[in-house]
Amino acid sequence: MPSFNFLLLHVRDHAASAALYHDLFGIPVVDQKPDITILPLRDGVMLGLWSRETVEPESSGEAGSSEIAFAVADASAVEAMHADWARRGMAMLQAPTRMSFGTTFVASDPDGHRLRVFAPVAG
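All of these numbers come straight from a predicted model, not from anything done at the bench.

## A short note on helix H1 (residues 14-25)
Residues spaced three or four apart along an α-helix face the same direction, because each turn holds 3.6 residues.
Phase 1 of the analysis: Over its twelve residues, H1 runs 16 Å from end to end, which matches the ideal 16 Å to within 8%, given 1.5 Å per residue.
Phase 2 of the analysis: Restricting attention to buried positions, one finds in H1 the residues His-14, Ser-17, Ala-18, Leu-20, Tyr-21 and Leu-24. One face of H1 carries all of its buried residues, which in axial projection span an arc of 160°.
Phase 3 of the analysis: The backbone nitrogen of Ala-15 has a side-chain oxygen 3.2 Å away, supplied by the residue at the start of H1, namely Asp-13.
Phase 4 of the analysis: Following H1 by one or two positions, Gly-26 adopts a phi angle in the positive range, close to 70°.

If you want it as structure tokens, here you go:
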């Protein structure tokens, strides 16, 4: 199987999106070109924020039909991150909620990409 090493999001303003993701997660920009910015996620996986206007072939998808999920230690970490992101003005799509897989909330970045934070059920 080929190595999974990039998650690419098509965005309106890649520099502004990179600033947001840097601010939310404290991850550095490792490369910035006129049409794309790259940030490291983990274990060699990179987040590419690609200008929607220069993607080839042309972007045809709608943001919000998939999610990027981030696990945290416990429900109190979910609550704390939700409060922090709300203070930062992130659009909240789901308040902290207990679901079958754990406690979770969902926010949206300015391009409509869904970001889910969750604490898995122990056990």
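Back to the text.
## Some remarks on the pattern of salt bridges
For side chains bearing opposite charge, pairing can occur when the charged atoms are close.
Phase 1 of the analysis: Considering all chains together, one arrives at nine salt bridges under this definition.
Phase 2 of the analysis: One salt-bridge network, in which partners are shared between bridges, spans Asp-23, Asp-84, Arg-87 and Arg-88.

## Quick word on the nonpolar core
Phase 1 of the analysis: If you look at the biggest cluster of nonpolar residues, it comprises 21 residues, and the most contacted ones within it are Leu-9, Tyr-21, Leu-49, Trp-85, Met-90 and Leu-115.
Phase 2 of the analysis: Going through the elements one at a time, strand E1 (6-11), H1, strand E4 (45-51), strand E5 (67-71), helix H2 (75-87), strand E7 (102-108) and strand E8 (114-120) are the ones with two or more residues in this core.
Phase 3 of the analysis: With four residues, the top contributor of residues to this core is H1.
Phase 4 of the analysis: Here Leu-49 is in contact with Leu-9, Val-11, His-14, Ser-17, Ala-18, Tyr-21, Asp-35, Ile-36, Thr-37 and Leu-39, once residues within four sequence places are set aside.

## Some thoughts on the environment of Ala-119
Phase 1 of the analysis: Secondary-structure assignment places Ala-119 in strand E8.
Phase 2 of the analysis: Along the primary structure Ala-119 and Val-11 are separated by 108 residues, whereas in three dimensions their C-alpha atoms are 28 Å apart.
Phase 3 of the analysis: Excluding anything up to four places from it in sequence, Ala-119 contacts Val-72, Ala-73, Asp-74, Ala-75, Val-78, Phe-101, Gly-102 and Thr-103.

So, how was this worked out
- Along each chain, residues carry numbers from 1 onward, in the same order as the chain's sequence is written.
- Local features in this predicted model are restricted to residues of pLDDT 70 or higher, and side-chain atom pairs are both shown and tallied only at a pLDDT of 80 or more, whereas totals for entire chains, interfaces and linings draw on every residue.
- Just so you know, side-chain values use all the structure's heavy atoms and leave hydrogens and water out.
- Helix and strand assignments come from DSSP, with helices taken as H or I runs of at least 4 residues and strands as E runs of at least 2, each series counted from the N terminus.
- Multiplying 1.5 Å by the helix residue count minus one yields the expected span of that helix.
- Throughout this description, buried means an accessible area under 20% of the type-specific maximum (1.4 Å probe, protein chains only), exposed means over 50%, and partly exposed covers the range between.
- Relevant arc is that of directions from the helix axis to the C-beta atoms, nothing else.
- Polar contacts, as counted here, are pairs of nitrogen or oxygen atoms within 3.5 Å of one another; within protein the pair requires one atom able to donate a hydrogen and one able to accept it, and residues that are adjacent in sequence qualify only if both atoms are side-chain atoms.
- We define a salt bridge as a side-chain nitrogen of Lys or Arg found within 4 Å of a carboxyl oxygen belonging to Asp or Glu.
- Put simply, buried Ala, Val, Leu, Ile, Met, Phe, Trp, Tyr and Cys residues joined by side-chain atoms within 4.5 Å make one nonpolar core.
- Residue contacts are counted whenever heavy atoms from the two residues lie within 4.5 Å of one another.

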